[in-house]
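Examination of the molecular architecture
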Amino acid sequence: MLELIKDLWDFLKVRKKFWMAPIIIVLLLLGGLIVLSQGSAVAPFIYTLF
């Protein structure tokens, strides 16, 4: 997993695509939020956001 993150960062650095970093971070955070909230009582409130 850490190697994937390092490779992704090297790609962004070499190709000068730093504008993609916030998009990737937000997508990872939203994906983690959905995965972590599936089995909890908070799930109905999170799904109303989408």
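Everything numeric in this text was worked out from a predicted model, so none of it was measured. (Residues numbered from 1 in each chain as written. Predicted model: local features only at pLDDT ≥ 70, side-chain atom pairs only at ≥ 80, totals over all residues. Heavy atoms only, no water.)

Check the secondary structure of the protein and you find 3 helices and 0 strands. Within the protein, buried positions represent 10% of all 50 residues. Taken as a whole, the protein presents about 4,500 Å² of accessible surface, with 76% of it coming from carbon and sulfur. (Helix = DSSP H or I, 4+ residues; strand = E, 2+ residues; numbered from the N terminus. Buried < 20%, exposed > 50% of the residue type's maximum accessible area, 1.4 Å probe, protein only. Areas by Shrake-Rupley, 256 points an atom, 1.4 Å probe, with all protein chains shown as cover.)

The next point concerns the packing of aromatic side chains. Applying the stated criterion across every chain, the model contains 1 aromatic pair. Each ring, one from Trp 9 and one from Phe 18, has its centre 5.7 Å from the other, and the planes form 55°; the classification is tilted. Residue classification places Phe 18 among the partly exposed residues on the basis of a relative accessible area of 40%. (Phe/Tyr/Trp six-rings, centres within 6.5 Å; stacked < 30°, edge-to-face > 60°.)

The subject of this paragraph is the confidence of the model for the protein. The share of residues in the protein with pLDDT of 70 or more is 84%, and the mean pLDDT across the chain is 82. Within the protein, the element-level pLDDT minimum falls on helix 3 (residues 43–47), averaging 69, and the maximum on helix 1 (residues 2–15), averaging 88. (pLDDT = per-residue confidence, 0-100.)

On the surface, Met 1, Leu 2, Leu 4 and Ile 5 cluster together into a nonpolar patch covering about 520 Å² of accessible area. Within the secondary structure, Leu 2 is located in helix 1. (Patch = residues over 30% accessible without salt bridge, like charges linked within 9 Å, V, L, I, M, F, W, Y side chains within 5 Å. Salt bridge = Lys/Arg side-chain N within 4 Å of Asp/Glu carboxyl O.)

So, about unusual backbone geometry. The phi torsion at Lys 16 lies on the positive side, around 55°, for a residue other than glycine. When you line up the elements, Lys 16 lands in the loop between helix 1 and helix 2 (20–37).

Applying the stated criterion across every chain, the model contains 1 salt bridge. As a salt-bridge pair, Lys 6 and Asp 10 come within 3.3 Å of each other at their nearest N and O atoms. Taken together, the residues span about one helical turn, with Lys 6 and Asp 10 both in helix 1 at a distance of 4 residues. Under the relative-accessibility criterion, Asp 10 is labelled partly exposed at 26%.

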